[in-house]
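Below, each chain spelled out in residue letters.
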Amino acid sequence: MKPELVDPVEWNELTDQLDEEFGEGVSKALLGERAPVTISRGDIKSFYLVPMEWIANLEEERKGFEIHSLGIRMGDLTKERFRLSLQILGPLAELTDRVLVVSRQGAESFTYSRSILKESVIKLDAHLKRGQRVIVLNKDGEVLGLAALSVDGNKLKRLARNRLVGKNLVDIGAYLRGA
Amino acid sequence: MSNKQLRQRAKDLAKQHGYLPYMIERYLALWGEEETIQFIEACEEQITTSIRANTLKIDAESLQTRLQLKRVTLKPVEWLDEGFWADFDVSPGSLFEYMLGYYYVQGVPSMTVTKVLDPRPGETVIDLAAAPGGKTTHIAQLMDNTGTVIAIDEDRQRIKSLESNIQRCGVSNAIILRGDAKKLDKLERTPDKILLDSPCSGEGLIPLDPSRKTSTSMADIRFCATREDELLEAAVNALPSGGTMVYATCSIAPEENEYIIDEILHRHSEMSVVPIPLEFGSLGYPRPYGVELNESMTLTRRFLPHLHGTEGFFICKLEKE
């Protein structure tokens, strides 16, 4: 396992996908003054954002030690699907309007790995489409995790209280569960 | 008390309180009977839970307000701006605020170790035996996520906890390296500071884990002492001139603490023990069991269950000329 600078073509593919999902220019803003690097572990390629000044030292740090992780973990690419990390969701939430706000009860339930039902939804923009990944926030705007919409935002009002709105992809309860 | 009498008394006390006799024998030689009994009694008391506000995510005052609403009573730790004694109705790790990374459940001695190191923004700091990350995340917090924290551990499973805590606490300036800390000389980085909270016998953790009354033999302590000496040697060799380091253990055994420091001072005239500018704990022992050690052992500090209501800990700050 050794960190490498991300291949520019691969980075463009990834950032295009993120921008399409979370808004134009989001990837560039997330990257900021950092550089993207990857570490491959079997079929999984983990992406990290690191300060520019670390790049020169990456080679040296390998001697006798294995770099396990560095900087901000952005997510993992596995079977052509990019899974965002919990760590990147906080910065991402500040840059995007693709969010789903849930009630206190919904937040409790979500952090126990459960998905989001209509009765828990406080806010979901009408322009969001089924399949879209959204950041799940509580009423105070704190990041609880990531969900995939199972319904178009403009159809929310027509749903029954107990119908599924967002499928849980990852939540901060994972920090307790050790997932 | 003659040696024979001491052994017999140790045997009696050990039997009465469920310890291995060699442990009580050492405590009697170190502290005398009255203090040994105070220690034994204190080890039966529960240690008060403590948490560290993670100021990378929330200020200490806001955290206090939020936790009060959840009936958590916090009392500041005098020498730690971000440290609190905490009384929870529920498991301290079960609240939203924990998952959000607003606090870290951490013993007061452990928080104190990082405060003694005094990492500053922009520095390069190496944290040896870093998992599960209490001190790594605290270092990053005190550096305001600037500079570089190099967290080293050897165990793959424990590294997972380290990474999880780093992410939960919003740390962005850490590099996790897996490897043998004794090979620190291969790391081509010049640190400003090194923290070695060494793997140890854990003899200071009896109040938290009573099984330690019988689980560690004298041979285990000797084994730990050898490893501690090797790790400290590696850390000293990696530290540049003018660099600072902190050596700590959660053991109360002088064999793992003052003896180790005394040895390193013998081998490295360029190293010296320096005063700790914080008011906590009690002084280290310059003459444990009657053995004369370097007088600067009085600059080291100890936390002891019967004197400070915490788990036992040893903290020593060193500088290289």
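Analysis parameters
- Residues numbered from 1 in each chain as written.
- Chains lettered and ligands numbered in written order.
- Predicted model: local features only at pLDDT ≥ 70, side-chain atom pairs only at ≥ 80, totals over all residues.
- Heavy atoms only, no water.
- Core = buried A, V, L, I, M, F, W, Y, C linked by side-chain atoms within 4.5 Å.
- Buried < 20%, exposed > 50% of the residue type's maximum accessible area, 1.4 Å probe, protein only.
- Domains from an automatic or database assignment.
- Contact = heavy atoms within 4.5 Å.
- Pairing = 2+ DSSP bridges.
- Helix = DSSP H or I, 4+ residues; strand = E, 2+ residues; numbered from the N terminus.
- Axes fitted to C-alpha atoms, helices over the stretch in contact; angles between N-to-C directions.
- Patch = residues over 30% accessible without salt bridge, like charges linked within 9 Å, V, L, I, M, F, W, Y side chains within 5 Å.
- Areas by Shrake-Rupley, 256 points an atom, 1.4 Å probe, with all protein chains shown as cover.
- Salt bridge = Lys/Arg side-chain N within 4 Å of Asp/Glu carboxyl O.
- Lys, Arg positive; Asp, Glu negative; His and termini not counted.
- Charge placed at Lys NZ, Arg CZ, Asp CG, Glu CD.
- Buried area = accessible area lost by both parts, 1.4 Å probe.
- Polar contact = N/O pair within 3.5 Å; in protein donor to acceptor, adjacent residues only side chain to side chain.
- Nonpolar A, V, L, I, M, F, W, Y, C, P; charged D, E, K, R; others polar.
- Expected span 1.5 Å × (residues − 1).
- Arc of directions from axis to C-beta.

### Observations regarding the nonpolar core
In this structure, M74, L84, L89 and I135 of chain A together with I51 of chain B are the most contacted members of the largest nonpolar core, which totals 63 residues. When residues are assigned to domains, this core turns out to be shared by domain 1 (4-87) and domain 2 (97-177) of chain A, each giving three or more. Ignoring anything within four residues of it in the chain, the contact list for L84 of chain A reads L18, F22, M74, G75, L89, L92, R133, L146 and V170 of chain A. One finds F65 of chain A together with V236, M245 and L293 of chain B within the second-largest nonpolar core, a separate group that totals 42 residues.

### Some thoughts on the sheet that holds strand β2 (residues 73-77) of chain B
Residues and elements named next belong to chain B. In spatial order, the strands read β2-β3-β1-β4; together these four strands make up an open sheet with antiparallel pairing. The outermost strands of the open sheet, each flanked by one partner alone, are β2 and β4 (103-105). Taken pair by pair, the neighbouring strands of this sheet meet at an average axis angle of 35°, ignoring direction. Strand contacts of helix α6 (residues 108-117): β1 (50-53), β2 and β3 (80-87), with the helix running at about 175° to β3, the strand carrying the most contacts.

### A look at the environment of S110 of chain B
Summarising the element assignment, S110 of chain B is placed in helix α6. Distance in space between the C-alpha atoms of S110 of chain B and R287 of chain B is 25 Å, their sequence separation being 177 residues.

### A short note on a negative patch on the surface
Taken together, the side chains of D7, E13, D16, E20, E24 and E80 of chain A present a region of like negative charge at the surface. Given the relative accessible area of 68%, E20 of chain A is considered exposed.

### Some details on the interface of chain A and chain B
Listed as interface residues are 31 residues of chain A and, on the opposing side, 36 residues of chain B. Here chain A meets chain B over a buried area of about 2800 Å², counting both sides, of which 56% is carbon and sulfur. We note a salt bridge from E142 of chain A to R66 of chain B, for which the minimum N-O separation is 2.4 Å. Along the contact surface separating chain A from chain B lie eleven residue pairs in polar contact (both at pLDDT 80 or more). Residue assignment for the side of chain A that touches chain B shows that the elements contributing at least two residues are α3 (58-61), β4 (66-70), β5 (72-78), α4 (86-93), α5 (104-110), β11 (143-149) and α6 (174-177) of chain A. Top element by residues in the side of chain A that touches chain B is β4 of chain A. It accounts for five residues. Taken together, the residues that form the side of chain A that touches chain B break down as 14 nonpolar, nine polar and eight charged. Where β4 of chain A lies against strand β7 (residues 174-178) of chain B, four bridges are found, and the strand directions are antiparallel. Paired with S69 of chain A across the two strands is I176 of chain B, which belongs to β7 of chain B.

### Examining helix α1 (residues 8-22) of chain A
Residues and elements named next belong to chain A. The end-to-end C-alpha separation of α1 is 20 Å, in line with the 21 Å expected for 15 residues at 1.5 Å each. Buried residues of α1: E10, W11, L14, T15, L18, D19, E21 and F22, and no others. For α1, the angular spread of buried residues about the axis comes to 165°, placing them on one side. With respect to the buried face of α1, the exposed residues turned more than 90 degrees away are V9, E13, D16 and E20. Positioned one or two residues after α1, G23 has a phi angle of 120°, which is positive.

### A short note on the domain arrangement of chain B
The accessible area lost on association of the parts is a frequent measure of interface size. Residue and element names in this part refer to chain B. The domains assigned to chain B are domain 1 (3-42) and domain 2 (108-320). Taken over C-alpha atoms, the centre of domain 1 sits 28 Å from the centre of domain 2. The partner domain 2 presents 20 residues to the 15 residues of domain 1 that form the contact. Surface buried jointly by domain 1 and domain 2 totals about 1500 Å² across both partners, of which 64% is contributed by carbon and sulfur atoms. At the junction of domain 1 and domain 2, the tally comes to two salt bridges.

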